Amino acid sequence: MRASDPQLTDALDAGSRITAHSTRLGGKDVTEQVQSWQLERSYSTDLPDAMRAFSGSSSAQLQLQISGKDGASAPELYSPWARRHTGDVARPGQSVVHAYGTDAGILPAFRGTLRNRSAASGTDTVVLTALDGAERLHGPAELPKPYAGFYWRRPIATATWCVDELLRQSGVLTSPPVRYPDFDANKPLTLVYASLHGGFAAPYGQPEIVPDPRHYSWTRQGAPHEMALVPHAAAPDTGGMTASWFPRSRVTVPGSRLFAEAWVNSAVGIGGSVALELDLNREGVETGRLRMSVDFSKGEITMHSGTRNNGGWNFTWGLPQLKAQPGVWHIGGMFDTTGAGSVSMPTVQPRITGPDGTYYPCNPATFVDPSAGQPVSELYQLRLITTMATEGVQLSSGLAAAPTKDEFTQNGTWSKGAVLDEAILPLYSIPRISGSQWESLTQIAKATMSTAEFDERGIFRWRNYTRFAKVPTSPDLTLTSVRDIASLTVTEEIDACRNYCVQPYKDWTSIGVVSGTVYTDTAVREIPGNSSVTVEYLLAEEEFDIGPPNVDDDESVALGFSVRFAAANAAGADAVKGAVDVLARREEGHLVLRFTNRTSQRLYTVLENGKPSVYIQTLKPSAEPIERRATSWAPGSASERFYGRQEFFGESSDWVQEYRAAWSLADAMRAAGQYPVPVIGEVEVLYDPRIQLGDVIRLLDSSGAELDTLAWVVGIKTASTAAGTMQQTLTLRGTKSNGVPVDEDLTPDTHADHTPVPAGPAYAAVAAAYPTLDALATGGRTWRQVKEDTDV
């Protein structure tokens, strides 16, 4: 239930219902012009009505009737053809905020946008219809298609991660936003963004190393913002749990400013260290490394430049607060490799914010030892090595300088608009989706038995099936027929009984990875100095994502997706490294590559033998996943004895990909439906503005059956049709049935009557009654009539 101040709570408890409301359109108060209003919320689902609390989406709708003012009619002011300076307050897309309560106070009831308006000439009424935050989620839904899940045979995401990503696309955020999401020439670009909100998948960048699911979990408890990755075991060669991502652009070194960051909770995990590493693809087989590590147990920040075999040099900053203040820290590190020459001596600088919001500036430092130098190379991958709760890993390039305090903290640039539940349903391959973001969220909610809704304040809430699967023991509010309930109807139906529950799932355990489509370029591409060239290649919808190509040299050749640059369009021309930023993005059925030449010389995409060098190879699953079924059933149960075997066959979808997840869904459904739970509909109550969907109500009815039960609120309809009147009607679903049937003093009839049918007269009796054929034929009787007229 929504919290209210003591004054309103006391008034409601005392039974006072002197109604009041407040309505704003476009931020303008129109309360006095509202003639009537109606607000409705309910869960929409594919389950039987009596089980619909377990899943579905809720999109609240508000209908308003408003009048004109100052002698002008409502159509004159607010119709579609009204003057803009008055009509825009009621235009589709305009903001709407509505609250209602009593004279003791009002509570937020709706926040959304107008969908339509209707003005009838000759009247003083304009009818407006508004939808809550779901209206903001009508953009095209897109999810990445990483191959790393079936490549490693490990989960790459969860259904919860997909929900979070769809919300982020519409601007509904659960954590700080991506810094530089858009491709904009000569402007900063986010290369990797991994929220870690239930998955390693990333909208920007692509996961490469995926850890064993036995070595980590996803938690909301102690997460810096919404959800965090928590290691359970450390990799023996790194001292922490490791995950990595390919960037969406392989930027060059020297020449790039790279900023890596993450949020961590030093009080949650198995250790006190976290590191962000940038692997650099040099000539030959050697890999360069830029590294930032934070050791909370020592109170130290270390930044390293060198190679992956630990060659190089370190700078260390002491910060005692790291050790003294366990909690949520925002860590970041700037790696500046700009400057003249073919070898960069990086300048590095940490950025740190503590649990109390204190910003700790650290002075920059420039490497001078030759072992720290970074020769020509391209960014290969970002690596996270952590022993503590981690969230929001991000890598950006193209910055003009190290972020300022305000830029680093992003204070005032975003607000949290959603709350998620625990991550469930691991995904080895992210299902393909289509339609709008809201349609996709609704599809996920139905497939995973979760609920999706915007609350009265406009905050999106995602809850999985465990919320309703646990039988509550205490109510949020008690309603009695003596004072609160005007009428109610209780319905029980056998269709709500489900004691044999089957949940299909797609089994990925035996699926490997094989080569998909291979594309070889048909022409050598010329890239002028200090310029960019964009090339598009057809990429089928079913193809999985591809990272930007690795840049080959004459000492080593990358497998799979690669490109080679040379200063001449001729066979035998030497390869050029560290000169071209290579960016890849997927766009409308195409793979788009952008080659940006960072040098003044003209370059070409050419192999050593003179042929075009762009080589694209996709990866795909070795086979289609096998559909299997998980069943929850108790043979010979009391439910089966009294109601027969009642099957529920869950929706077959790509969102359930593990036996354990499928069985948990089936078991939750059987536990909730093994006895038919009553639906309590049309419960007209003394209205209470605090009631929300999903609340637990205790019903006490002494006017009909002696009813005393707990029930979920699965639908709310509130309306004010005239000044001072308010009507609220609830739809409820009982939290449990009325127990196991007893059938006392009853002997139910069998399903079929096996009493022997009377044999009728024997042949001898018929022959005696009709001794001749004429006697038998007289009257034209049928054989049945003959037998019935014959005395036995």
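Presented here is an overview of the structure given in this document. (Residues numbered from 1 in each chain as written. Predicted model: local features only at pLDDT ≥ 70, side-chain atom pairs only at ≥ 80, totals over all residues. Heavy atoms only, no water.)

1. Considering the packing of aromatic side chains
- According to the stated counting rule, one finds 22 aromatic pairs in the structure shown.
- Taken together, the aromatic side chains of Trp 37, Tyr 100 and Tyr 687 make up a single cluster linked through ring pairs.
- A cation over a ring is seen here: Arg 248 above Phe 183, with NZ or CZ 4.6 Å from the ring centre.
- Sitting over the face of the ring of Phe 544, Arg 432 holds its NZ or CZ atom 6.0 Å from the ring centroid. (Phe/Tyr/Trp six-rings, centres within 6.5 Å; stacked < 30°, edge-to-face > 60°. Lys NZ or Arg CZ within 6 Å of the ring centre and 35° of its normal.)

2. Concerning the sheet that holds strand S45 (residues 626-633)
- Pairing in this open sheet of 3 strands is mixed, and the strands run S45-S34-S46 from one edge to the other. Here the strands that pair on one side only, and so sit at the sheet edges, are S45 and strand S46 (647-649). Looking at each pair of strands side by side, their axes are set apart by 25° on average, direction ignored.
- Here strand S34 (residues 500-507) runs beside S45; their pairing, made up of 8 bridges, is antiparallel. Note that in S45 the partner of Asp 507 across the bridge is Ile 626.
- Of the strands in this sheet, S34, S45 and S46 are in contact with helix H11 (residues 659-673), which crosses S45 at around 35°. (Pairing = 2+ DSSP bridges. Helix = DSSP H or I, 4+ residues; strand = E, 2+ residues; numbered from the N terminus. Axes fitted to C-alpha atoms, helices over the stretch in contact; angles between N-to-C directions. Contact = heavy atoms within 4.5 Å.)

3. Re unusual backbone geometry
- Cis geometry is adopted by the peptide bond preceding Pro 254, which originates at Val 253 and carries an omega value of -5°.
- Positioned with a positive phi, Asp 70 is a non-glycine residue whose angle comes to about 55°.
- Mapped onto the fold, Asp 70 is located in the loop between strand S5 (61-66) and helix H2 (74-78).

4. Comments concerning the pattern of salt bridges
- Counted according to the given criterion, the structure contains 35 salt bridges.
- Residues Arg 525 and Asp 521 are paired through a salt bridge, measuring 2.9 Å at the closest nitrogen-oxygen approach.
- Its relative accessible area of 25% is what places Arg 525 among the partly exposed residues.
- You can call Asp 521 buried: its relative accessible area is 9%.
- Linked through salt bridges whose partners overlap, the residues forming this network are Glu 277, Asp 279, Arg 289, Arg 291, Arg 308 and Arg 383. (Salt bridge = Lys/Arg side-chain N within 4 Å of Asp/Glu carboxyl O. Buried < 20%, exposed > 50% of the residue type's maximum accessible area, 1.4 Å probe, protein only.)

5. Considerations on helix H8 (residues 437-448)
- Counted at 1.5 Å a residue, the expected span for H8 with its 12 residues is 16 Å, and the 16 Å between its end C-alpha atoms agrees.
- In terms of residue burial, H8 counts as a mostly covered element, since 9 of its 12 residues are buried.
- Among the residues of H8, Gln 437, Trp 438, Ser 440, Leu 441, Thr 442, Ile 444, Ala 445, Ala 447 and Thr 448 are the ones counted as buried.
- On its buried face, H8 is in contact with strand S4 (56-58), helix H5 (159-169), strand S30 (451-454), strand S31 (460-463) and H11.
- Phi turns positive one or two residues past the end of H8, at Met 449, with a value near 55°. (Expected span 1.5 Å × (residues − 1).)

6. Brief notes about the pairing of strand S17 (residues 257-282)
- Alignment of S17 against strand S21 (residues 328-336), held across 9 bridges, turns out to be antiparallel. Residue Asn 265 lies in a different strand from S21, and its bridge partner there is Val 328.
- Of the strand pairs in this sheet, S17 and strand S27 (residues 377-397) are connected by 17 bridges, and their pairing is antiparallel. Residue pairing in the sheet places Ala 275 in a bridge with Ile 385 of S27.
- Inspection of the sheet shows S17 paired to strand S18 (residues 287-295) by 9 bridges, in the antiparallel sense. Its bridge partner lying in S18, Leu 280 is registered against Gly 288.
- Between S17 and S18, which pair antiparallel one after the other, the connecting turn spans 4 residues, and Gly 284 there sits at a positive phi close to 75°.

7. What about the sheet that holds strand S37 (residues 532-538)?
- Spatially, 4 strands are ordered S15-S41-S42-S37 in an open sheet, and the strand pairing comes out antiparallel. In this open sheet, the two edge strands, each paired with only one partner strand, are strand S15 (249-250) and S37.
- Inspection of the sheet shows S15 paired to strand S41 (residues 580-587) by 2 bridges, in the antiparallel sense. Bridge pairing links Ser 249 to Leu 583 in S41.

8. Some details on the packing of H5 against H8
- Between H5 and H8, the shortest axis-to-axis distance is 10 Å and the interhelical angle comes to 165°. With respect to each other, H5 and H8 are oriented roughly antiparallel. When you trace H5 past H8, the crossing you get is left-handed. The segment H5 lies against H8, with Ala 159, Cys 162, Val 163, Leu 166, Leu 167 and Gln 169 engaging Gln 437, Ser 440, Leu 441, Ile 444 and Thr 448.
- Each residue belonging to the contact of H5 with H8 can be placed in one class, and the counts come to 7 nonpolar, 4 polar and no charged. (Parallel < 35°, antiparallel > 145°, perpendicular 65-115°, else oblique. Left-handed = near helix turned anticlockwise from the far one by under 90°. Nonpolar A, V, L, I, M, F, W, Y, C, P; charged D, E, K, R; others polar.)

9. Here's the deal with the side chain of Gln 33
- Of note, Gln 33 is situated in the loop between strand S2 (28-29) and strand S3 (34-42).
- On the basis of relative accessible area, Gln 33 is assigned to the buried category, the value being 9%.
- Apart from the residues within four sequence positions on either side, Gln 33 is in contact with Gln 65, Ile 66, Ser 67, Gly 68, Lys 69 and Tyr 78.

10. Structural notes on the environment of Ser 244
- On the secondary structure map, Ser 244 appears in strand S14 (residues 241-246).
- Put simply, Ser 244 and Val 192 are 52 residues apart on the chain and 10.0 Å apart in space, counted from C-alpha to C-alpha.
- Setting aside residues up to four positions removed in sequence, Ser 244 forms contacts with Gln 206, Pro 207, Glu 208, Ile 209, Gln 381, Leu 382 and Arg 383.
- Polar side-chain contacts of Ser 244 include one of 3.1 Å to the backbone nitrogen of Ile 209. (Polar contact = N/O pair within 3.5 Å; in protein donor to acceptor, adjacent residues only side chain to side chain.)

Function cannot be read off these values alone, since they describe shape.
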